[in-house]
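Take a look at the letters that make up each chain.
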Amino acid sequence: MVVDDDPTVAEVVAGYLDRAGYVVDRADDGPTALARAAAHRPDLVVLDLMLPGMDGLEVCRRMRGQGPVPVIMLTARGDEDDRILGLEVGADDYVTKPFSPRELVLRVESVLRRTRPAAVERPLGAAGLTVDPVARRVTKNGAELALTLREFDLLAFLLRHPGRAFAREELMHRVWGWDFGDLSTVTVHVRRLRGKVEDDPARPRLIQTVWGVGYRFDPAGREAD
C-alpha cells in the first residue's frame, strides 16, 4: 500500500512497484489507509509523513496497533528528529524526499525479504527469551513480544553471537545490510528493544553498552561493569 497525498509521487511510486511485480493499493489520507489496511492487510506500507488531517506518525501508530506490518516512511524533511520519530513509532525504514524510485523498490524488496526466512533455523534462546526465526516470534518467559522487523533481526543477531561486542557500524552492515547510514538508527532500535526485553530498561543487563565500542548481548543478564 502506498499512502501519499501527492498524486504525482503516489503515481510514480506505485508505477515502479507495479513494474517490479507488486500489487499496489493506494490511499491519499490516513483514515482511508487505516480502513483499507483493516479490510485487506497489506504486506508492506510506504507511508508519507506529511498527510492532511492525520500525519504519518499517527497512521503508523494506529496501523501497528492493528497488527504487525512493515512500514517504510517517506519524509520531505531530512531532519534527524523526523527520522527518529518514525523509527520510534515502529517504522522499519525511511526514505527522504527527493528519492530515487529504484532505491525505494530495493528498500521494499529488502524489508520483505526479511519477513521470509530463506532457510530453516532452530529457535534461539537465552535469559527467558525465545526467538523463532522461521515463525518470526519472540517470547519472554512464555509471553509473546511485539517487535518490529528490524528489532527482531537485531535481537536474533545478538542471540546468535552472545558475549561479543559489535560496533554500531558493524550492526548496520551485518544485521540490515547497510554499508552507510545514520548511526542513530542503531541507537533508536537498541533503546526500543531494551524497552521490550529488559526487566529494567534503565539498567539493561541483556543488551549492554560497551563504551567506546557499541553493544553486546549477555545471556546471563549480569550487571554491567
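Every residue gets a number counted from 1 within its own chain, in the order that chain's sequence is written. Local features in this predicted model are restricted to residues whose pLDDT is 70 or higher, and side-chain atom pairs enter the listing and the counts only when it is 80 or higher, whereas totals over whole chains, interfaces and linings include all residues. Side-chain measures here rest on the full set of heavy atoms in the structure, leaving out hydrogens and waters.

Caption draft 1: Fine view of the packing of aromatic side chains. Centres within 6.5 Å are what make two rings of Phe, Tyr or Trp a pair, Trp counting through its six-membered ring; a difference in plane orientation under 30 degrees is then read as stacked, over 60 as edge-to-face, and the rest as tilted. Per the stated rule, a full pass over the model turns up one aromatic pair. Geometrically, a charge over a ring is one whose NZ (Lys) or CZ (Arg) sits within 6 Å of the ring centre while staying within 35 degrees of the ring normal. For Arg19, the ring lying beneath its charged end belongs to Tyr16, and the centroid distance is 4.8 Å.

Caption draft 2: Representation of the sheet that holds strand E7 (residues 129–132). Strand pairing is assigned whenever DSSP detects at least two bridges linking the two strands. Secondary structure elements follow DSSP: runs of H or I of four or more residues count as helices, runs of E of two or more count as strands, with numbering from the N terminus. Pairing is antiparallel in the open sheet, where four strands are placed in the order E6-E7-E8-E9. Edge strands, defined here as strands with exactly one partner in the open sheet, are strand E6 (124–126) and strand E9 (143–145). Sheet twist, expressed as the mean angle between neighbouring strand axes with direction ignored, is 25°. Sheet analysis places E6 next to E7, joined by three bridges and oriented antiparallel. Residue pairing for E7: Gly125 is matched across the bridge by Thr130. Contact between two residues is taken to exist if any of their heavy atoms lie within 4.5 Å; hydrogens are not considered. The angle between two axes is taken between their N-to-C directions and runs from 0 to 180 degrees, where each axis is a line fitted to C-alpha atoms and a helix contributes only its stretch in contact. In this fold helix H6 (residues 149–160) packs onto E6, E7 and strand E8 (137–140), with an angle of close to 110° to the strand it touches most, E7.

Caption draft 3: Up close: the side chain of Asp153. Of note, Asp153 is situated in helix H6. Given the relative accessible area of 11%, Asp153 is considered buried. In the analysis that follows, any N or O atom pair within 3.5 Å is treated as a polar contact, provided that within protein one partner can donate a hydrogen and the other can accept it, and provided that, for residues neighboring in sequence, both atoms belong to side chains. Here the side chain of Asp153 touches Arg136 through a polar contact of 2.9 Å, side chain to side chain. Classification of residues uses two cut-offs on accessible area relative to the type maximum, computed with a 1.4 Å probe and protein chains only: under 20% is buried, over 50% is exposed, and between them is partly exposed.

Caption draft 4: Focus on the packing of H6 against helix H8 (residues 184–197). Contact geometry for H6 and H8: axes closest at 10 Å, N-to-C directions at 80°. Accordingly, the angle class assigned to the pair H6 and H8 is roughly perpendicular. Listed contacts from H8 to Arg150, Glu151, Leu154 and Leu155 of H6 are His189, Val190, Arg192, Leu193, Lys196 and Val197. Looking at the contact of H6 with H8 residue by residue, the classes come out as five nonpolar, one polar and four charged. Geometric relationships in this document are graded by angle, where less than 35 degrees denotes roughly parallel, more than 145 denotes roughly antiparallel, 65 to 115 denotes roughly perpendicular, and other angles denote oblique. Each residue gets one label: Ala, Val, Leu, Ile, Met, Phe, Trp, Tyr, Cys and Pro are nonpolar, Asp, Glu, Lys and Arg are charged, and the others, such as Gly, are polar.

Caption draft 5: Quick peek at the sheet that holds strand E12 (residues 214–217). Ordered by their spatial adjacency, three strands build an open sheet running E10-E12-E11, and the pairing between neighbours is antiparallel. This sheet does not close on itself; its edge strands, each paired only once, are strand E10 (165–167) and strand E11 (207–210). The average angle at which neighbouring strand axes cross in this sheet is 35°, direction not considered. In terms of strand pairing, E11 meets E12 through four bridges, oriented antiparallel. From the neighbouring strand, Ile207 faces E12, where its bridge partner is Phe217. Taken strand by strand, helix H7 (residues 168–176) contacts E10 and E12, and its axis lies near 90° from that of E10. On top of the sheet, H8 reaches E11 and E12; it is set at about 140° to E11, its chief contact.

Caption draft 6: Local environment of the pattern of salt bridges. When a carboxyl oxygen of Asp or Glu is within 4 Å of a side-chain nitrogen of Lys or Arg, the pair counts as a salt bridge. In the structure shown here, the tally under the stated rule is 15 salt bridges. Taking the shortest distance from any N to any O, the salt bridge between Asp93 and Arg107 comes out at 2.8 Å. Placement of Asp93 in strand E5 (residues 93–96) and of Arg107 in helix H5 (residues 101–114) is noted, with a sequence separation of 14 residues between them. Between Asp93 and Arg150 there is a salt bridge, with its nearest N and O atoms 3.1 Å apart. With Asp93 in strand E5 and Arg150 in helix H6, the pair connects residues that are 57 residues apart, well separated along the chain. Assigned by exposure class, Asp93 and Arg150 land together as buried. Ionic contacts of the salt-bridge type, sharing partners, join the residues Asp93, Glu103, Arg107 and Arg150 into one network.

Caption draft 7: Region of the structure containing helix H3 (residues 56–66). Turning to H3, its buried residues are Gly56, Leu57, Val59, Cys60, Met63 and Arg64. Buried residues in H3, looked at end-on, bunch into an arc of 160°, giving them a common side. Positive backbone phi, at 145°, marks Gly67, one or two positions downstream of H3. The arc in question is formed by the directions pointing from the helix axis toward the C-beta atoms.

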